[in-house]
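Next come the chains, spelled out residue by residue.
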Amino acid sequence: MLAVRIHQYGNRDALWLDDIPVPEIAPDELLVKVVASSVNPVDWKVRDGHLAQMIPHRLPLTLGWDVSGVVQAVGNQVRGWQPGDAVFARPDLARDGSYAEFLAVRAVECARKPRTISHVEAASLPLAGITAWEAMVTTARVQPGQRVLVHAGSGGVGSLAIQILKHFGATVIATTSGRNRALVESLGADQVVDYTTTRFTDVVEPVDVVFDTLGGQVQEDSWSVLRPGGIQVSIVSPPDEEKAKARGLRGAFVFIGPNAPVLDRLAALVDSGELRPVIGAEFALRDIARAHALSESGRTVGKIVLYAGTP
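Residues numbered from 1 in each chain as written. Predicted model: local features only at pLDDT ≥ 70, side-chain atom pairs only at ≥ 80, totals over all residues. Heavy atoms only, no water.

K.L.:
Break down the sheet that holds strand 4 (residues 61-62) for me, with residues and values.
P.N.:
Spatially, 3 strands are ordered 2-1-4 in an open sheet, and the strand pairing comes out antiparallel. Unpaired on one side and paired on the other, strand 2 (15-19) and strand 4 mark the two borders of the sheet. Here 5 bridges tie strand 1 (residues 2-6) to strand 2, and the two strands are oriented antiparallel to one another. Each bridged residue has a counterpart across the sheet, and for arginine 5 the counterpart in strand 2 is tryptophan 16. (Pairing = 2+ DSSP bridges. Helix = DSSP H or I, 4+ residues; strand = E, 2+ residues; numbered from the N terminus.)

What follows is the structure, encoded as structure tokens:
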């Protein structure tokens, strides 16, 4: 099978399209024929060695930790799955990933693919969707009527967070560039701030929650728009606890793992018409270097999807 692997940490030149054996599965695993995967910032952070101390991988390593595909074989300890089932998952980051034609994945990490969307759309959901859910629902515990500021509302995580927050009855303010205003409004944002022309700190009334997807100065400035007792949740870097306490605020950092129960919730929202993926670009496995370049640019709208095969 074809798989995109790294044999050493490095820049995009470290990406190789290799022909390797189809993986064998353990008793608790599924063998999935991959239809599509997607590119996330964690992929190139692993590639360049940025996460090597936190997650010691064995090289060569197949990258990619989003997948949608079709079950080909079932481990002898697995119940509830059979060949032909359509699944999607965020596999374990410590293992070989889904930039490949086949993937061995633990059955407990898989959920049934939403019925009403394609594999390409489903592959865009797991990592970003779990991230948005765990940040806003599990960590911030957003309640109906609360005001939430989502940074980078047109990005892969932000675009899903807006829709999840609207499902839970929140009022959503989102930052984005002017060219993406219509998209972000269509996702349900109640107020859109064009960061290219306007400082969000000048126009955003106090909010209960900030979802920081950018870090740096944006995270620092976001403290000023939070109400007393509010929380800033970041997926980039841990917010400064001392600064939060000094202002009577809270901070939290979220780094997610596999979570099939959340995928089940996301699939239900998709099939009820309350959640839709946003696909910004599509690439074949052989074009992985171009896909990584786009992701590294920070200018992606929605998600970048990789085609690995056909169902």
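K.L.:
With reference to specific residues and values, describe the packing of aromatic side chains.
P.N.:
As enumerated under the stated definition, the model contains 1 aromatic pair in all. With a centroid separation of 5.5 Å and an interplanar angle of 75°, the aromatic rings of tryptophan 133 and phenylalanine 168 are classed as edge-to-face. A residue pair is termed long-range when its members are at least 10 positions apart, and tryptophan 133 in helix 3 (residues 126-139) and phenylalanine 168 in the loop between helix 4 (156-167) and strand 10 (171-176) qualify at 35 residues. Note on tryptophan 133: relative accessible area 5%, which makes it buried. Look at phenylalanine 168 and you get partly exposed, because its relative accessible area is 23%. In this arrangement the basic side chain of arginine 112 is found over the ring face of tryptophan 81, its NZ or CZ atom lying 4.3 Å from the centre. (Phe/Tyr/Trp six-rings, centres within 6.5 Å; stacked < 30°, edge-to-face > 60°. Buried < 20%, exposed > 50% of the residue type's maximum accessible area, 1.4 Å probe, protein only. Lys NZ or Arg CZ within 6 Å of the ring centre and 35° of its normal.)

K.L.:
Can you explain helix 3? Please cite residues and give values.
P.N.:
Of all the bends in helix 3, the greatest, near 25°, is centred on tryptophan 133. Helix 3 sits mainly inside the fold: 11 of its 14 residues count as buried. Where helix 3 is concerned, the buried positions are Pro126, Leu127, Ala128, Gly129, Ile130, Thr131, Ala132, Trp133, Glu134, Ala135 and Met136. After helix 3 finishes, the residue arginine 141 shows a positive phi value of roughly 55°. (Bend = angle between axes of the 7 residues up to and from the residue.)

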